[in-house]
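Each chain, written out:
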Amino acid sequence: MFQAKMRRPVDGALFRRGGKGHKQLKALLGRLSVAAVVLLICTISLLTTIKTNSTSSYPSEIHLEELWGPAASGGWRPSSAPRFEWPPPPKETNGYLRVRCNGGLNQQRSAICNAVLAARIMNATLVLPDLDANSFWHDDSGFHGIYDVDHFIKSLRYDVRIVESIPEIRQNGKTKKTKAYQIRPPRDAPISWYTTEALVKMKKHGAIYLTPFSHRLAEEIDNPEYQRLRCRVNYHALRFKPHIMKLSNSIVSKLRAQGHFMAIHLRFEMDMLAFAGCFDVFNPEEQAILKKYRKENFAEKKLVYSERRAIGKCPLTPEEVGLVLHAMGFDNSTRIYLAAGELFGGERFMKPFDSLFPRLENHSTVDPAGELEENTRGLLGSAVDYMVCLLSDIFMPTYDGPSNFANNLMGHRLYYGFRTTVRPDRKALAPIFIDRENGKKAGFEEAVRRVMLRTNFGGPHKRVPPESFYTNSWPECFCQMDSKNPADLCPPNNVLQILESQLDNETVGDPESTQLNSTISNEKK
């Protein structure tokens, strides 16, 4: 994943080990190798950008008035309802499934989606997922503190049975708890793992506890109905508690009272900078802090900042974000909501951005009740940021690598009606920014515009690895009213009534229920 310094092999007869000249020359060759790699990467990236722009069908100009509205849908609409046979969960299940969703709010959100799907696959009763008391935020709000539990259970009644806890059992006149057998599932486990190894343990013990459960079910599954279930969980069942929704809506109303607004996820924070290995823009004291954090929290790897930046692995600085927006045509009247934790490096890095875009807000400055003042870094603050970014007219992530917040939001905005997303191509922008820093400022804004014109602004597009399903659920979770491909047709309008009827019949294999299972397909013909 990370590239180490490249070293050119040398002849041992010419350079004897241990000599001072050898060490100096070896160091020089190492530095030259790094420079050559960076130059090569930047050149290829820039040439590729120029070539593809000269022959593509992308627009030649950026029209800001169009960006404030949703992207073109191409006739697609969001739809995660079943389109083919989808029997209700049977009364008799194979046991109880408990999971511990580790990580931050959005990593946990993806894990919850996977947990529901795993329960469906195993014909298990899902126990309300445990949310990790986040080690970074020290927030133990739990599922009940963040999500509407009743809505969650009711929304998924056609898919899985859900209980808040494993019920106690009566045995020999005594009441006792069922202890779930603990298993550490493999990362990105295939469906077959759940239907074999995990299921065997569940049937033996009556309940299993999968921990940790971040990224423990493969994302790419060749079953559109399973993928649509993930969307039903993510975009319908997982609704924040009423007070969070009310607070978020009040903030959005205040922002929108003065017109359009843009939300930016400014991921220029200590944990991400340390993970990415992007140290060189900081002073020695700050670099020491980042390196210490990296050593304590991530696997040891040799990272070279210039190489990392050249391949787009570093978060954009606040100044770079401002320069991209300015090149696109946004001016100092643009109202911007910043979704971010504590920016590393402080005001020194924000001043250039502030000078370009002074109308900045965050959830603390527009929170009408001051409810977030004491909890800006916890799950509540993250949940409010999530909703404000979801409802904004334009959303701009500045680092969408391992950032679950940005990736989930892009997927949710796509599903929410192709809402505009400005997604900078950091790899293509890197040589342009490097040239500017080296004094080559002529044509800078035009070069930035060429890169940005090749990005997708939130419309339907093919999912290409490493893009996540949670970032782009097209086409599985979208449909068309008129399509030559039956798989893309929208389900019948009465699909919920059909599912309700199946649930009432409750048993799989009942003749009446089997007949209803085929109705969904027949209604579309």
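Residues numbered from 1 in each chain as written. Predicted model: local features only at pLDDT ≥ 70, side-chain atom pairs only at ≥ 80, totals over all residues. Heavy atoms only, no water.

## What about unusual backbone geometry?
- Residue Pro-212 is bonded to the preceding Thr-211 through a cis peptide linkage, with omega at -5°.
- Checked against the element boundaries, Pro-212 lands in the loop between strand 9 (207-210) and helix 7 (224-237).
- With an omega of 10°, the peptide bond running from Pro-465 to Pro-466 counts as cis.
- Following the sequence through the fold, Pro-466 ends up in the loop between helix 17 (444-453) and strand 15 (478-479).
- You will see that Asn-123, though not glycine, has its phi angle at about 55°, which is positive.
- Along the chain, Asn-123 turns up in the loop between helix 3 (105-122) and strand 3 (125-127).
- Looking at Asn-123, the relative accessible area reads 26%, which means it is partly exposed.
- Backbone geometry places Asp-188, a non-glycine residue, at a positive phi of 50°. (Helix = DSSP H or I, 4+ residues; strand = E, 2+ residues; numbered from the N terminus. Buried < 20%, exposed > 50% of the residue type's maximum accessible area, 1.4 Å probe, protein only.)

## Quick look at the pattern of salt bridges
- If you walk through the whole model with that rule in mind, you get 20 salt bridges.
- Between Asp-393 and Arg-256 there is a salt bridge whose closest N-O contact spans 3.3 Å. With a gap of 137 residues between them, Asp-393 in the loop between helix 14 (379-391) and strand 13 (394-397) and Arg-256 in helix 8 (residues 242-256) connect regions that are remote in the sequence.
- Measuring nitrogen to oxygen at the nearest pair gives 2.8 Å for the salt bridge that ties Glu-286 to Arg-348. Placement of the pair is Glu-286 in helix 10 (residues 284-297) and Arg-348 in helix 13 (residues 347-356), with a sequence separation of 62 residues.
- A relative accessible area of 41% places Arg-348 in the partly exposed class.
- Via salt bridges that share partners, Glu-220, Arg-463 and Glu-476 belong to a single interconnected network. (Salt bridge = Lys/Arg side-chain N within 4 Å of Asp/Glu carboxyl O.)

## Comments concerning helix 8
- Under the 1.5 Å per step criterion, the end-to-end length of helix 8 is 21 Å for 15 residues, consistent within 8% with the ideal 21 Å.
- For helix 8, the complete set of buried residues consists of Ile-244, Leu-247, Ser-248, Ile-251, Val-252 and Leu-255. Considered in projection along helix 8, the buried side chains sweep an arc of 135° and stay on one side of the axis. Of the exposed residues in helix 8, the ones pointing more than 90 degrees away from its buried face are Pro-242 and Lys-246.
- Elements that come into contact with the buried residues of helix 8 comprise helix 4 (142-146), strand 11 (336-339), strand 12 (360-361) and helix 14. (Expected span 1.5 Å × (residues − 1). Arc of directions from axis to C-beta. Contact = heavy atoms within 4.5 Å.)

## Remarks on the confidence of the model for the protein chain
- Averaged over every residue, the pLDDT of the protein chain is 84; the share at 70 or more is 81%.
- Every residue in residues 32-57 is under pLDDT 50, and counting partners more than four places away or in other chains gives 32 contacts.
- Across residues 507-525, confidence stays below pLDDT 50; counting only partners more than four residues off in sequence or on other chains, it has 38 contacts. (pLDDT = per-residue confidence, 0-100.)

## What about the packing of helix 12 (residues 318-328) against helix 16 (residues 426-437)?
- In contact at an axis separation of 12 Å, helix 12 and helix 16 are set at 105° when each is read in the N-to-C sense. The angle between helix 12 and helix 16 places the two elements in the roughly perpendicular class. In contact with Glu-319, Glu-320, Leu-323 and Val-324 of helix 12, helix 16 contributes Leu-429, Phe-433, Arg-436 and Glu-437.
- Within the contact of helix 12 with helix 16, the residues separate by chemical class into 4 nonpolar, no polar and 4 charged. (Axes fitted to C-alpha atoms, helices over the stretch in contact; angles between N-to-C directions. Parallel < 35°, antiparallel > 145°, perpendicular 65-115°, else oblique. Nonpolar A, V, L, I, M, F, W, Y, C, P; charged D, E, K, R; others polar.)

## Structural notes on the environment of Val-321
- Here Val-321 shows up in helix 12.
- For Val-321, a relative accessible area of 0% corresponds to the buried category.
- In sequence terms Val-321 and Leu-266 are 55 residues apart; their C-alpha atoms lie 8.5 Å from each other.

## Structural notes on the sheet that holds strand 11
- Sheet architecture is open: 5 strands sit in the order 12-11-10-13-14, paired in parallel fashion. The open sheet is flanked by strand 12 and strand 14 (420-421), the only strands paired with a single partner.
- As paired strands, strand 11 and strand 12 are joined by 2 bridges and run parallel to one another. Paired with Ile-336 across the two strands is Leu-360, which belongs to strand 12. (Pairing = 2+ DSSP bridges.)

## Considerations on the side chain of Arg-413
- Take Arg-413: it is sitting in helix 15 (residues 404-415).
- Separated by 2.9 Å, the side chain of Arg-413 and the backbone oxygen of Ser-392 make a polar contact.
- A polar side-chain atom of Arg-413 sits 2.7 Å from the main-chain carbonyl oxygen of Thr-420.
- Contacts of Arg-413, omitting those with residues within four sequence positions, involve Cys-389, Leu-390, Leu-391, Ser-392, Asp-393, Ile-394, Phe-395, Phe-418, Arg-419, Thr-420 and Thr-421. (Polar contact = N/O pair within 3.5 Å; in protein donor to acceptor, adjacent residues only side chain to side chain.)

## Brief notes about the packing of aromatic side chains
- Going through the model one piece at a time under the given rule, you end up with 21 aromatic pairs.
- Ring plane angle 70° and centroid distance 5.3 Å describe the contact between Phe-275 and Phe-298, whose orientation is recorded as edge-to-face. Of this pair, Phe-275 sits in helix 9 (residues 270-276) while Phe-298 sits in the loop between helix 10 and helix 11 (305-310), and the two are 23 residues apart along the sequence.
- Judged by relative accessible area, Phe-298 falls into the partly exposed class, the value being 26%.
- Among the aromatic residues, those joined into a ring-pair cluster are Phe-143, Tyr-147, Phe-152, Phe-240, Tyr-386 and Phe-405.
- Looking at Arg-120, its charged tip hangs above the ring of Trp-86, at a distance of 3.8 Å from the centre.
- Geometry around Phe-444 places Arg-436 over its ring, the cationic atom sitting 5.3 Å from the centre. (Phe/Tyr/Trp six-rings, centres within 6.5 Å; stacked < 30°, edge-to-face > 60°. Lys NZ or Arg CZ within 6 Å of the ring centre and 35° of its normal.)

## Description of the nonpolar core
- In this structure, Leu-97, Phe-152 and Tyr-194 are the most contacted members of the largest nonpolar core, which totals 75 residues.
- Broken down by element, the residue count for this core peaks at 11 residues, all from helix 3.
- Contact partners of Tyr-194, with chain neighbours within four places excluded, come to Ala-118, Ile-121, Met-122, Pro-185, Ala-189, Leu-199, Leu-210, Phe-213, Arg-216 and Leu-217.
- Counting residues in hydrophobic clusters, the runner-up holds 51 residues, among them Leu-290, Tyr-305, Leu-316 and Ile-394. (Core = buried A, V, L, I, M, F, W, Y, C linked by side-chain atoms within 4.5 Å.)

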